[in-house]
Amino acid sequence: MAHEDAGKFPVSSKLVIRNIGLVLSGDLSHPILDANTVVVIDGRISVVGREKDIDTEGATYLIDANGTALAPGLIDSHVHPVAGDWTPRQNQIGWIDSCLHGGVTTMISAGEVHMPGRPKDVIGLKAMAITAQRAFAAFRPSGVKVHAGAPVIEHGMVEEDFKALAEAGVTLLGEVGLGSVKDGATARQMVAWARKYGIQSTIHTGGPSIPGSSLIDKDIVLAADADIIGHINGGHTALPDKQITGLCEESPRGLEIVHNGNERAALLALRTAKALGQLDRVILGTDAPAGSGVQPLGVLRLISMLCSLGEIPAEIAFCFATGNTAKLRKLDCGMIEAGRAADFVFMDHAQHSAGTTLLESVRLGDLPGVGMTMIDGVVRSERSRNTPPAARVPKIVK
């Protein structure tokens, strides 16, 4: 198993990244920055701009981007972790490390539902959530930031339970609808209690995902009013078109599109959000591990699909998996701007792609090549073992 201390060097006192060919900000309002240099101090972005205008002297560490694109590390808004880098869903070890090689530096748990023998009594589910929160806070597989400890709500929970969870450090609810609470009225009350104590909620949307789960339709989603409409394109089975467009139009909440869902429904949700002028609500996840396995390149595949088939500029599509998610999830990463965590992915067009630039290749439906990832200013991986080989990769100078 890849360990927390797997970085190339420790948190830098001053890291300079120069010779960047393209800086993708992650911010929908200005997705491309006029910059070729980034300075990182103690793991946080200090300055972004042109090298001629920046003090790069005294760098402890230096990265030559070699003309590659620099983007915020990708955020997977919907995963189901259990214990470190092992998943019992497919009995696989190293799945988080593999996703790092797909450019993912942060993951958000939608519930540790694959835990064998998952407790469903109130005391047990609270204990498991607190344990998961503590464990992933203390241990980051390959450095990846896994925000976990997301209890699935069950009948019998009262307001005091949500207060206690929040006081223990829990900030997320698992997918509403995966437990015994499946009606809109009860879910709405529990979501409100969670929100009162600073716990963010996500609701399952669509048909049953596994035997024992249930349909959660538009009316239940609207009644529950969770903060994120989880896998609006189904996980895996999508709602009818009118219900998907209705959710986009009638709810102000986040619209999560996942890899392990219905691709046609994903494009419908995207086009509806675009027509509404609300692309800032769109965020991306994989919904893995799942019955269809683990998809290390799932977020990149979604970006490529939504760009090439949804006719969204590539620089905007990258925002769905970075800045949009950071804003809705209240994270300190996801955008390249001063003060944020220095979580980056370096990319270039894949070798022999029909597109001669990163953005053109994604527009044509190709996957980019990942050349390096960094988390808190620490190199966590170099040339990806999973993406097509990038035409260019960055170099560690010192």
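Before reading on, note that the structure itself is shown above.
Here the structure is a predicted model, which is why all the values come from computation and not from measurement.

Undergrad: What's the story with the overall build of the protein chain in this structure? I'm lost.
TA: Across its full length, the protein chain holds 11 helices and 20 strands. Since a compact globule built from 398 residues should have a radius of gyration of about 21 Å, the 20 Å found for the protein chain is in line with a globular shape. In terms of overall dimensions, the protein chain has C-alpha extents of about 60 × 40 × 35 Å along its principal axes. Residues counted as buried form 62% of the 398 residues belonging to the protein chain. Partitioning the contacts of the protein chain with sequence separation of at least 6, the portion at a separation of at least 24 is 75%. Working note: accessible area of the protein chain is about 14,400 Å², and carbon and sulfur atoms make up 52% of it. Taken together, the 37 basic and 43 acidic charged side chains of the protein chain have centroids lying 1 Å from each other.

Undergrad: Sorry, what's going on with the packing of aromatic side chains here?
TA: Aromatic rings considered in pairs are described by the distance between their centres and by the relative angle of their planes. On inspection of all chains with the given rule, the structure shows 1 aromatic pair. Centroid distance Phe162 to Trp193: 6.0 Å. Interplanar angle 45°. Geometry classified as tilted. Of the two residues, Phe162 is situated in helix H3 (residues 159-167) and Trp193 in helix H4 (residues 184-196); the sequence distance between them amounts to 31 residues. The pair Phe162 / Trp193 is uniform in exposure class, with both members buried.

Undergrad: Would you explain the sheet that holds strand S15 (residues 254-258) in this entry?
TA: Neighbouring strands of a sheet are bound in pairs by backbone hydrogen bonds; such pairs are parallel or else antiparallel. Taken in spatial order, the 4 strands line up as S13-S14-S15-S16 in an open sheet, and their pairing is parallel. Bordering the open sheet on either side are strand S13 (202-203) and strand S16 (282-285), each of which pairs with just one other strand.

Undergrad: Teacher, can you tell me more about the sheet that holds strand S6 (residues 61-64) here?
TA: In spatial order, the strands read S5-S4-S1-S6-S20; together these 5 strands make up an open sheet with mixed pairing. One side of each edge strand has no neighbouring strand; the edge strands of this open sheet are strand S5 (44-49) and strand S20 (395-396). Where strand S1 (residues 15-18) and strand S4 (residues 37-41) come together, 3 bridges link them in antiparallel fashion. Among the inter-strand pairings, Val16 is bridged to a residue of S4, identified as Val39.

Undergrad: Hey, could you run me through the environment of Ser304 in this one?
TA: One can find Ser304 in helix H8 (residues 298-308). Each C-alpha atom of the pair Ser304 and Ile54 lies 33 Å from the other, and the pair is 250 residues apart in sequence. Setting aside residues no more than four positions away along its own chain, Ser304 makes contact with Val362, Gly365, Asp366 and Leu367. A distance of 3.2 Å separates the side chain of Ser304 from the backbone oxygen of Asp366, its partner in a polar contact.

Undergrad: Whenever I open this one, the side chain of Gln200 confuses me. Can you help?
TA: Position of Gln200 relative to the elements: it lies in the loop between H4 and S13. At a separation of 2.6 Å, a polar atom in the side chain of Gln200 contacts the main-chain carbonyl oxygen of Leu328. When neighbours within four sequence positions are excluded, Gln200 is seen to be in contact with Thr171, Leu172, Leu173, Asp227, Ile228, Leu328 and Arg329.

Rules behind the numbers
- Residues numbered from 1 in each chain as written.
- Predicted model: local features only at pLDDT ≥ 70, side-chain atom pairs only at ≥ 80, totals over all residues.
- Heavy atoms only, no water.
- Helix = DSSP H or I, 4+ residues; strand = E, 2+ residues; numbered from the N terminus.
- Rg over C-alpha atoms; globule rule 2.2 N^0.38 Å.
- Buried < 20%, exposed > 50% of the residue type's maximum accessible area, 1.4 Å probe, protein only.
- Contact = heavy atoms within 4.5 Å.
- Areas by Shrake-Rupley, 256 points an atom, 1.4 Å probe, with all protein chains shown as cover.
- Lys, Arg positive; Asp, Glu negative; His and termini not counted.
- Charge placed at Lys NZ, Arg CZ, Asp CG, Glu CD.
- Phe/Tyr/Trp six-rings, centres within 6.5 Å; stacked < 30°, edge-to-face > 60°.
- Pairing = 2+ DSSP bridges.
- Polar contact = N/O pair within 3.5 Å; in protein donor to acceptor, adjacent residues only side chain to side chain.

Purely geometric numbers; function is a separate question.
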